[in-house]
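The chain contents come next:
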Amino acid sequence: MSTEPETTEDAEPGTPTGGARPQEVEGAEGAAAGSGEVSEAGGTEGDTADAGDVSEAEAELRAQRAERERIEQRKAGKKAPIEAGTKLSGKAADLLAAVRAVESGEKPVATVFAEPEPAPRRSAPEPVRRPQPVAAEAVAAPAAPAPAAVQAVRRVLGEGGAPEVLAPQVAAALGEGADELLRADPWQLLRVAGVRPEQADGFARALLGAECGPDDGRRGRAVTVWLLEQAALAGHTALEMPALLAALAQRGVPDPDSAVQDAIAEGEALVFQDALEETGGAPAPAEEEGTEGDEERPVRVLVGLERYALAEESLADGLARLVNSVPKQDGSAEDWERVAAAARGSTAELLRAVAAHGLVLHTGGEASLAEPAALLTAAHTLGLRAWAATHGPIGRARFAALLRRSPGADSPVATVAGLLSGAEGPGRDADGALDLDLLVVLDAPQLDVETAALLTESLPDGARLVLAGDPAVLWSVGPGRVFADLLAARICPQVASRRPDPGPLGELVSGIGVGELNQVEAPGKEVVIVPVRDAGEAVHRTVQLVVDSVPRAIGVPAEQTQVITPGHGGAVGTRALNAALKERLNPGPGRFGGFDPGDRIVYSPVPGRALPGRVVTADAEGLHLSCEGEDVVVPKERVEHSVRHGWALTAHQAVGSRWPAVVVVLPGDAAQALSRPWVYTAFGRADRHLSVVHGVEQALPRAVAEVPAKPRTTRLPVLLAPQIGN
């Protein structure tokens, strides 16, 4: 690869990277860094948006006028309206700000079980939003609450000093009779994302007066449910009883045990007693009731929400059905052996395992995807209806390319969400099962318990399921650790790929996976370290790399370069970086919710899904996006909460995707957010080039060596053990 000598230089040998051999892609400090310069792409969009596309401008103006008219009509029908909380002050303003921060992703809500309290404030780790009643594109959104119901809730909120603009969310969360329920139990306000116990306490005091107290049973039940929801956002499907009781005491509940028992009695939580093996292995089979061994066997008591308990039990049932059933024999054993004999190494192992078993696990990095691709091709030659499913559309396109298929109707590759919704894939048979014989699910570590349960429930009897993925990447946004639990349970064949990822990038990422940040030779500048001293320099150097240095020295244009940073907030979070990159790459007034045609975005139709794309236009319907070739229209009311600028992403948003060039930004205040899975995931998104804007000094090698994934409490191994035949 040729580079321009004047744009590159070696970084100081003493740069404290603790890892890859430092080389620096130097930006053109003169012209590229000038504040008055606009990139070619940005200048084109900014200068011609009004003059060259009159119909688009007229459509936007009409939409704006219509929106203003609707706002005026709403104002006329209300008495002393509150405009988006601008007239609020004190606790009401704080409550509204907290809700808005969580909805927009500014603040993570899964912090209760992530770190002990009190803790010093630091840059936000990967934020996770509470699931909201927002459906995927192919599923109709739930009906909005009736205006009368919203108005009734608004009155109750006003009496309690809470922001009345939260009324639609409260009405949707509590359902029919929400106003009466809220008046009878003010702590039900905790059902709204972003509301914390201390804020609900203030609302309850305003409504109940002297009747309100910390020992109120309603408060104990509501805080118990809230803590379990926070635990789910941190990845747990249940909590051990001692941890839950300690958290309740920390939240000022005077009798935590009674609070938990009340929540269980009211059906708001479920309790489980799971037998444990003293040796730490798989749980022992159940003994006859009343035996001495049964009485002495150690157990752990867990408490969880019904939603995740049912999903985990359904998943265990579905997996057991696959493990214990005989796969459908569309091809004879001789046919399978013939295709396996034609393959080599771990590909042949995978083919033989799938031939004889209903559930198979496959592990490996990016290069190992060639093996599931070979499996899918072989299955088609044997007459099986075989499909693959990926986490996102970028992964779908990449895997289709391995199959030498174009993404679209003739490709047997779908996204998991599209497969389940029916928007993609083979469709369903008369019994409602997926119309296939073999399903290969890639990016398996991203499966949460609910999605995994839906997949296994959707498979017909006799079908084969292959779960494939890299076990070293970040786990799912939703609760559970399905792939890791199955690998640990050893209930089915596991095939580890022996195909290493090639080149300096593959060597670097492989080392991180085993806890070592090694120096690697990068003669083609595949790995580059850019040391920075502070947040301002980190933003400046990141923009310089994307806009000028990487295109000049590496040959990868800005639109194929992805920035990854630990969090959304802070001086070097996604919001700050996206604002700086938009200014250089696509400047504009943000005429539709902060967006302009040509903006690079990431669309989240539901929490945990991130679809990269671009803004096409905007009109009265909403924001028109192109997401990996798919046209998406986001209604105006959903834009704020589901669309972000996408030049910079978090690692959780980027997982399952890869780009020709990646710039990973590690500002000084991000040190405590780093872990081995985070670094592995972020660095592993690069195909050809990785630049690391490095400001964390020795925190990077320390995170790789010493900070594994945070443990998650799950019940899947315990549920599987008694169902798997010997």
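A few points on the structure. (Residues numbered from 1 in each chain as written. Predicted model: local features only at pLDDT ≥ 70, side-chain atom pairs only at ≥ 80, totals over all residues. Heavy atoms only, no water.)

Glancing now at the overall build of the protein chain. Scanning the protein chain from terminus to terminus reveals 27 helices and 21 strands. Within the protein chain, the proportion of its 726 residues that are buried is 53%. Considering only contacts within the protein chain whose residues lie at least 6 apart along the sequence, 74% involve residues at least 24 apart. (Helix = DSSP H or I, 4+ residues; strand = E, 2+ residues; numbered from the N terminus. Buried < 20%, exposed > 50% of the residue type's maximum accessible area, 1.4 Å probe, protein only. Contact = heavy atoms within 4.5 Å.)

In this section: the pattern of salt bridges. Two side chains bearing opposite charge may form a pair once their charged atoms approach each other closely. Per the counting criterion, the structure on display carries 29 salt bridges. Asp596 is the salt-bridge partner of Lys582, the closest N and O atoms lying 2.8 Å from each other. Here Lys582 is found in helix H22 (residues 574-585), whereas its partner Asp596 is found in the loop between H22 and strand E14 (600-603), with 14 residues between them in sequence. Both residues of the pair, Lys582 and Asp596, count as buried. (Salt bridge = Lys/Arg side-chain N within 4 Å of Asp/Glu carboxyl O.)

Right, let's talk about the packing of aromatic side chains for a bit. Given two aromatic rings, their pairing is described by the distance between the two centres and the angle made by the two planes. Under the defined criterion, the tally for this structure stands at zero aromatic pairs. Over the ring of Phe272 we find Arg715, and its NZ or CZ is 3.9 Å from the ring centre. (Phe/Tyr/Trp six-rings, centres within 6.5 Å; stacked < 30°, edge-to-face > 60°. Lys NZ or Arg CZ within 6 Å of the ring centre and 35° of its normal.)

Time to look at the sheet that holds strand E5 (residues 299-304). As summarised here, the arrangement of the three strands in space is E3-E5-E4, forming an open sheet in which the pairing is antiparallel. The sheet is open, and its two borders are formed by strand E3 (239-240) and strand E4 (270-275), each paired with just one other strand. Of the strand pairs in this sheet, E4 and E5 are connected by six bridges, and their pairing is antiparallel. Bridge pairing in E5 places Leu270 opposite Gly304. (Pairing = 2+ DSSP bridges.)

A word on the nonpolar core. In terms of nonpolar packing, the biggest core is built from 82 residues, with Leu157, Val170, Leu182, Leu439 and Leu467 touching the most fellow members. Per-element tally for this core: the top contributor is helix H8 (residues 217-233), with eight residues. Not counting the four nearest positions on each side in its chain, Leu439 is found in contact with Trp387, Ala389, Leu419, Leu455, Leu459, Arg464, Leu465 and Val466. If you look at the next biggest cluster of nonpolar residues, it comprises 36 residues, including Leu474, Phe683, Ala686 and Ala699. (Core = buried A, V, L, I, M, F, W, Y, C linked by side-chain atoms within 4.5 Å.)

What follows concerns the sheet that holds E14. Strand order in this open sheet of five strands is E17-E16-E15-E14-E18, and the pairing throughout is antiparallel. The open sheet has two edge strands, strand E17 (630-634) and strand E18 (643-645), and neither has a second partner. Each strand axis lies, on average, 40° off the axis of its neighbour in the sheet, ignoring direction. The pairing of E14 with strand E15 (residues 611-619) spans four bridges and is antiparallel. (Axes fitted to C-alpha atoms, helices over the stretch in contact; angles between N-to-C directions.)

Pairing analysis gives five bridges linking strand E16 (residues 622-627) to E17, with the strands arranged antiparallel. Directly across from Cys627, in E17, lies its bridge partner Glu630. Count of turn residues in the E16/E17 antiparallel hairpin: two residues, of which Glu628 carries a positive phi of about 50°.

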